[in-house]
Amino acid sequence: LQEVLNRAVELTIPRLAEKNMQFHVDVERDVIVAGDFNRLIQIFTNLITNAITYSPENTTITLRIQKNDQYGIVEVEDQGIGIEKNEIARVFERFYRVDKARSRNSGGTGLGLAIVKHIVEAHHGKIQVESTVGIGTCMKVLIPLRKNVN
Ligand code: ATP
Ligand code: MG
C-alpha cells in the first residue's frame, strides 16, 4: 500500500502545491494487499483529488496506512467543506455532486467516487465515510490483505 500511495501522491502533488496545502503521512510499513496496482492507484488519486478540491487553501490532508487481521486500511482525511449527513450515501452515485460543489465550478463530472466504489468492490473491499460540515471528511478504504501462499 505504501507504493500505491507514493504514486498517488506523486500524481496529485502539483494540485496540492497550487493550493498551498500539505500532506501529513502516517504509514504502517509492509501492509500488503491483494490487488491491481494501477486500479488501487486510481482509488487514491481520486480520493486525494477530492480532498484537495473540496478544501480551502493552506489546509492539511492526512494519509494513513494501517491494517487489521483481514484488511489493509488507507485513510484520506481532509480539513475541507465536509458533506451533509443526508448526502453521504449519494456521493457514490454516478454524476451526483453536492450543490455547493456544483455551483462552485470546480469542473468535475461526479464520476470519481462511483469509479472508486466500483474498484473497491471488485477487490472485495469496503469504503467508509465520516464527515462533518465545515470540519472535514475522512474516506477510509479497506482492501483484503494478501494471504500467504506457502
Ligand atoms: P469528478 O468526476 O471529477 O471526480 P466530482 O469530484 O464532483 O467529479 P466525485 O468525486 O464522485 O465527483 O464526488 C461527488 C461529490 O461528492 C462531489 O461533487 C462533492 O460534492 C462531494 N465530495 C467528494 N469528496 C468530498 C470531500 N473530500 N469533501 C467534501 N465533499 C466531497
Ligand atoms: Mg472527484
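The structure presented is a predicted model; accordingly, all values stated were derived computationally and were not measured.

Caption draft 1: Just the overall build of the protein, in detail. Broken down by element type, the protein carries four helices and five strands. Each helix (α) and strand (β) of the protein, taken in turn from the N terminus, gives the series α-β-α-β-β-α-α-β-β. Each principal axis of the C-alpha distribution contributes one length, and for the protein these read about 55 × 30 × 25 Å. Counting all 150 residues of the protein, 30% fall into the buried class. In the protein, the proportion of contacts linking residues at least 24 apart, taken out of those at least 6 apart, comes to 68%.

Caption draft 2: Seen up close, the sheet that holds strand 5 (residues 136-144). Read across the sheet, five strands follow the order 1-2-3-5-4 without closing on themselves; strand pairing throughout is mixed. Two strands in the sheet have a free side with no partner beyond their single neighbour: strand 1 (22-27) and strand 4 (126-132). Adjacent strand axes in the sheet meet at a mean angle of 15°, parallel and antiparallel pairs treated alike. Sheet topology places strand 1 next to strand 2 (residues 60-67); six bridges connect them, and they run parallel. Residue pairing across strands places Val 25 opposite Leu 63, the latter belonging to strand 2. Its contacts with the sheet place helix 2 (residues 37-53) against strand 2, strand 3 (71-77) and strand 5, and it is angled at close to 25° to strand 3.

Caption draft 3: Here's a closer look at the environment of Glu 18. Relative to the elements of secondary structure, Glu 18 occurs in helix 1 (residues 2-18). Assessed through the 10 C-beta atoms surrounding it within 10 Å, Glu 18 is described here as exposed. C-alpha of Glu 18 to C-alpha of Asn 50: the two residues are 32 residues apart in sequence and 14 Å apart in space.

Caption draft 4: Main features of helix 1. Taking 1.5 Å per residue, 17 residues should reach 24 Å; helix 1 reaches 24 Å between its end C-alpha atoms and fits that length. At Thr 12, helix 1 is bent by approximately 50°, the largest bend along its length, and proline Pro 14 sits one to four residues beyond. Looking only at helix 1, the buried set comprises Val 4, Leu 5, Ala 8 and Thr 12. In this structure, the buried side of helix 1 is in contact with helix 2, strand 2 and strand 3. Positive backbone phi, approximately 55°, marks Asn 20, located one or two places after helix 1.

Caption draft 5: Examining helix 4 (residues 112-122) more closely. Burial in helix 4 covers these residues: Gly 112, Leu 113, Val 116, Ile 119 and Val 120. End-on, the buried residues of helix 4 take up no more than an arc of 120°, which puts them together on one face. Exposed and facing more than 90 degrees away from the buried side of helix 4 are Glu 121 and Ala 122. For helix 4, the secondary structure elements touched by its buried residues are helix 2, strand 4 and strand 5.

Caption draft 6: Up close: the nonpolar core. Counting 29 residues, the largest nonpolar core has Ile 43, Phe 44, Leu 47, Ile 48 and Val 76 as its most contacted members. For this core, the secondary-structure elements that each account for two or more residues are helix 1, helix 2, strand 2, strand 3, helix 4 and strand 5. Among the elements that line this core, the one with the most residues is helix 2, at seven residues. The residues touching Ile 48, leaving out its near neighbours within four places in the chain, are Ala 8, Thr 12, Ile 61 and Val 76.

Parameters and conventions
Residues numbered from 1 in each chain as written. Chains lettered and ligands numbered in written order. Predicted model: local features only at pLDDT ≥ 70, side-chain atom pairs only at ≥ 80, totals over all residues. Helix = DSSP H or I, 4+ residues; strand = E, 2+ residues; numbered from the N terminus. Buried ≥ 20, exposed ≤ 12 C-beta atoms within 10 Å, placed from the backbone. Contact = placed C-beta atoms within 7 Å. Pairing = 2+ DSSP bridges. Axes fitted to C-alpha atoms, helices over the stretch in contact; angles between N-to-C directions. Expected span 1.5 Å × (residues − 1). Bend = angle between axes of the 7 residues up to and from the residue. Arc of directions from axis to C-beta. Core = buried A, V, L, I, M, F, W, Y, C linked by C-beta atoms within 7 Å.

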